[in-house]
Amino acid sequence: MDDSRDKLSPEISRRRFLQLAGAYSFAVAAGVDLLVPGELLAMPTSEGYLLVDLKKCQGCGTCMMACAITHSGVASYTLARIQIQQDSFGIWPDDVFMVTCRQCEDAPCVDACPVAPVKANRVRPEFGNVRMIDQKLCIGCKSCIENCPFTPVRVQWDFSIRKSQKCDLCVDTPHLGEKGGPGGIQTCTKVCPVNAISFTKIMPDQSRVDSYYVNLRGPAWAKLGMTTK
Amino acid sequence: MALYGYAGKILHLDLTGQKSDAIDTEKYRRWGGGHGMGSALFWDFCKDKSITDGRHPANVCCVMTSPLNGTVVPSAGGRCEVVGVGVGQYPVSWFTRSNFGGRFSTMLKYAGWDGILITGKAPKAIWVDIRNGKVVFRDASGLWGKGTWATQQEIWRLIGAEPGTRNDWQDLRDLKGGSDRDEGKTTQKPAVLTIGPAGENLTGHGSLIHDAGNGAGQGGFGAVWGSKNLKAISVLGTGGIKVADPQALIRARRTVKEKYVTNWEKPDFRAWTRLGGLPKPIVQVAPPTPDRRPQSCQGCINGCRERYSVGYGNESACQETSWYGPFVRKVAKSRAEDTEINLRCADIVQKYGFNSFVLQTGLHWLEHLHEEGVLGKGKKIPSDLPWEKIGTVEFGEKLIVALSTRKDIGADLADGWVQAALKWGREKDLRTGALQFSYWGCPEHGYDPRAELEWGYGSIMGDRDTNTHCFNQIFTTISAAFAFGMTIRIEAEEMVRLHVRKMAPYAQDRPEVLDFSDANMYSEAVAQLVRWQQHYCRFWKQSALFCDLKWPDFYNTNMPNLEGATGSPDAGEQVFWNAVTGDRISLIDGIELGRRIWNLDNAIWVLQGRHRDMVHFAPYLYETKYEKGELFPFYMWPCRDEKGVWKYTDLMGRKLDKAGFEKWKTVFYRLEGWDPASGWPTRQTLEKMDMSFVADELQKAGRLGGGTS
């Protein structure tokens, strides 16, 4: 199971590796002080992560629609921060693919944001250090989209306002009606009819692509006659 | 003013001119959505409402969504309604309906359309490519002849949608024939609705199929599309639907999961409820493998289908997986083989776009004819099908191919099974019940009208096998409990009380409406029950598009007071409708709108030629007793005994009384405000519903009812 864009490393794509190597070489050649800005140097880890069970999802799209509704008041696939792809003619378990933002420890999307002096997606302790995008600051350059190393890209492009958006674990959900984020609830986990999405405060293994795919099938699932393996 | 829940436009496809235009949804807003809007569009756009064969070029077909589609309303987000004049019924084909699930209606709304109005006939085979506001008529000569699955996959390829499920976002500009403007990106595949060979060959069995197993079967709409040279409609949308009160919508959705649905941690696997179970696929065979998932329509609270690791059977459920069962059981050497044959034949049905429902009772009849020596090689009804291999995949496939392509016996059966029976000189089979096609040339559903009155009466007063399970779960739940020695969790009197407390405005707190005993079967009370079901369904199920299998939720053993979600202040149908649209309607308001839609439909039937003299069941229902059940050896239903005590009672062993049913029709027509002499609507009734435009057209046709007394 591998949804990273290329095989150089599960964490760092070839494009991103070349970008970083190039930038490092240029800096050294130019005699630039390699001290990095404080917010990059000390990117605190997110206080929450979403995990999914690829073998359990029933493909109802409720998580996608609810995600878009709680964030923007509009039901939509395109505006959903969680994406479910399915192929009706596919073979289980490959007939469904669920993707959520990984809230990367070393988040390329945050690194890439050129907005200054404060990045549009800077991590903020008051929001549990979630990697999120402040659309009031976003300039629509798509750097975050281009630098996400995963397929499909975990950052969405809202073409109607020409800005990026991404999963914020429901920190900024004006239509949720209760507190979201790492200290609150995550809409997708609450509405999923089969509990195929869960929330954890423990950071999944960043060296493995499949560490966000978990087995959420318990005794009830087995009693329904479906595999829990 | 924002039109919450609606996309705002209806797409009109003029196939004759290969032009499209947009109709303002606001003009049809009074009809709610789905069926209501479809009927109103049919009324306005069908130039000849006297037609009785859906293959007539004047026929108009509407594929309609609801404001709730594409949202998280539980088991309402993904249904889609189809209306138009049907094919293959008897004695004529009425203006009728069908319904399918999946993700088509969601995608259509996200593309900016509340429905599709199809008029005219294309000069050659076409498919229609919808990507947001861009609508292109494309040549379908390369698709004609292909099965429904191959057609969908080929359209994905033609558009440039990536196969599989691990794809990146696709920019609509980068797809083949893509737009020049930035219309966003999607990870989703186009949703395609298509016909297969059964529709192309204009057979009454022709279905519309979407994805692997979503089908609009009844009505023969596959033949309607085939007659219009319309192979498929593909839609891809990147927009969204604005919701009036998102917080209320999410709150109600969570209330259903957390309150009305059984708890995952300590589940009640045998909960008595329609809405509140865990995903329990209604596949009628043992699962082929534990390596599978439940699969559902968009927004569903508990999926009723499955996808498997074995490579067959994806998304087929219920009838598709049982039509062949009695025959397979005779040849299968193991349970695994039984499953495999049934599911492989379900796949064949889906691929041919064939409505297998006719075979549920129809294949028994064909076997009977074969055993009688009438049907077969060199027989009076010639057939080269390998009847000795009935029950095998080989026979199943050859049968479906013949019926889909007008070959062998398919040549006669393509235009209607009752018509074929008459042509073959088998009129007596309609009297003995050897051919159980109960109403309007439609097959009996397993819920015999002699026992389950609301099913039969609702079908014959309507346009087809009603296939509305509002009350039917009483039979299946109670009969299964008796059959398998399970606990009766709700006794008869309580069961009836739980239903009628929610049955305003016609039957609230009138338990007698559910009494199907011999003494009550032609009563005003049962007429009120049928009215409630028809009106409720015309709006809440067929226009708002709540799923027939999940709603209404009258009783629910997950609740301490046993009361289901229907009409409840925290998760009733009206709560969801209002949260999405911003309306402030009640459950009863919806039923009243359903009454108007039902009246509009009846007006169309009257213009097609309906008169009460035509409204009869098949003769066997009057002439023979109901003695053999499809599912159980008894038919349990709550009835009052002679002392007025409620008991679950077996309704087998009786027949319908023609005079009694005629009397019941008169009562029903009077309650509806229709002329009891003809069954035609009256001006007074129509004007009270602000439908004088209907009265005017009926009057012009000389078919306006004269009075109600």
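This text gives an overview of the structure that appears in the document. (Residues numbered from 1 in each chain as written. Chains lettered and ligands numbered in written order. Predicted model: local features only at pLDDT ≥ 70, side-chain atom pairs only at ≥ 80, totals over all residues.)

If you tally the helices and strands in chain B, you get 23 helices and 23 strands. Its C-alpha atoms give chain B a radius of gyration of 24 Å, within 12% of the compact-globule value 27 Å for 709 residues. Taking the principal axes of the C-alpha coordinates as reference, chain B spans close to 75 × 65 × 65 Å. Each of the 709 residues in chain B was classed as buried or not, and the buried ones make up 60%. Within chain B, contacts between residues at least 6 apart in sequence are counted, and of these 68% link residues at least 24 apart. (Helix = DSSP H or I, 4+ residues; strand = E, 2+ residues; numbered from the N terminus. Rg over C-alpha atoms; globule rule 2.2 N^0.38 Å. Buried ≥ 20, exposed ≤ 12 C-beta atoms within 10 Å, placed from the backbone. Contact = placed C-beta atoms within 7 Å.)

Counting its secondary structure elements, chain A contains seven helices and seven strands. Traced from its N-terminal end to its C-terminal end, chain A shows the element sequence α-α-β-α-β-β-β-α-α-β-β-α-β-α. Here chain A, with 229 residues, has 50% of them falling under the buried criterion. Summarising the internal contacts of chain A: among those between residues at least 6 apart in sequence, 60% fall at separations of at least 24.

Moving on: the nonpolar core. Counting residues in hydrophobic clusters, the biggest one holds 264 residues, and the most contacted among them are Cys63(A), Ile69(A), Cys62(B) and Phe576(B). When residues in this core are grouped by element, the largest group, eleven residues, is from helix α19 (residues 587–608) of chain B. Non-local contacts of Cys62(B), meaning those with residues more than four positions away in its chain, are made with Gly38(B), Leu41(B), Phe42(B), Val83(B), Gly84(B), Gly115(B), Ile116(B) and Leu117(B). (Core = buried A, V, L, I, M, F, W, Y, C linked by C-beta atoms within 7 Å.)

Counting residues at the interface gives 54 residues for chain A, matched by 62 residues for chain B. Among the elements that make up the side of chain A that touches chain B, the one with the highest residue count is helix α3 (residues 62–72) of chain A (six residues). Residue classes in the side of chain A that touches chain B are distributed as 26 nonpolar, 20 polar and eight charged. Note that strand β2 (residues 74–76) of chain A and strand β15 (residues 240–242) of chain B share three bridges and pair antiparallel. (Nonpolar A, V, L, I, M, F, W, Y, C, P; charged D, E, K, R; others polar. Pairing = 2+ DSSP bridges.)

Let us look at the pairing of strand β8 (residues 134–139) of chain B. Residue and element names in this part refer to chain B. Where strand β7 (residues 126–131) meets β8, six bridges bridge the pair, whose relative direction is antiparallel. Counterpart to Val128 in the pairing with β8 is Phe137. Here β7 folds back onto β8 in antiparallel fashion, the turn holding two residues, of which Asn132 has a positive phi close to 50°.

Position of Lys190(A) relative to the elements: it lies in helix α6 (residues 187–191). Spatially, the C-alpha atom of Lys190(A) lies 18 Å from that of Trp221(A), the residues being 31 residues apart in sequence. Contacts of Lys190(A), omitting those with residues within four sequence positions, involve Ile185(A) and Arg254(B).

Let's shift gears to the environment of Thr477(B). For Thr477(B), the location among the structural elements is in helix α15 (residues 472–484). Measuring from C-alpha to C-alpha, the distance between Thr477(B) and Arg270(B) comes to 10.0 Å, with 207 residues separating the pair along the chain.

Our focus in this paragraph is unusual backbone geometry. Here Trp92(A) and Pro93(A) are connected by a cis peptide whose omega angle stands at 5°. Following the sequence through the fold, Pro93(A) ends up in the loop between β3 (83–86) and β4 (96–99). Residue Pro505(B) is bonded to the preceding Ala504(B) through a cis peptide linkage, with omega at 5°. Here Pro505(B) lies in the loop between α16 (492–500) and α17 (524–541). Positioned with a positive phi, Leu545(B) is a non-glycine residue whose angle comes to about 70°. Relative to the elements of secondary structure, Leu545(B) occurs in the loop between α17 and α18 (573–581). Residue Leu545(B) is classed as buried on the basis of its C-beta count, with 32 C-beta atoms lying within 10 Å. A positive phi angle is found at Leu562(B), which is not glycine, with a value near 70°.

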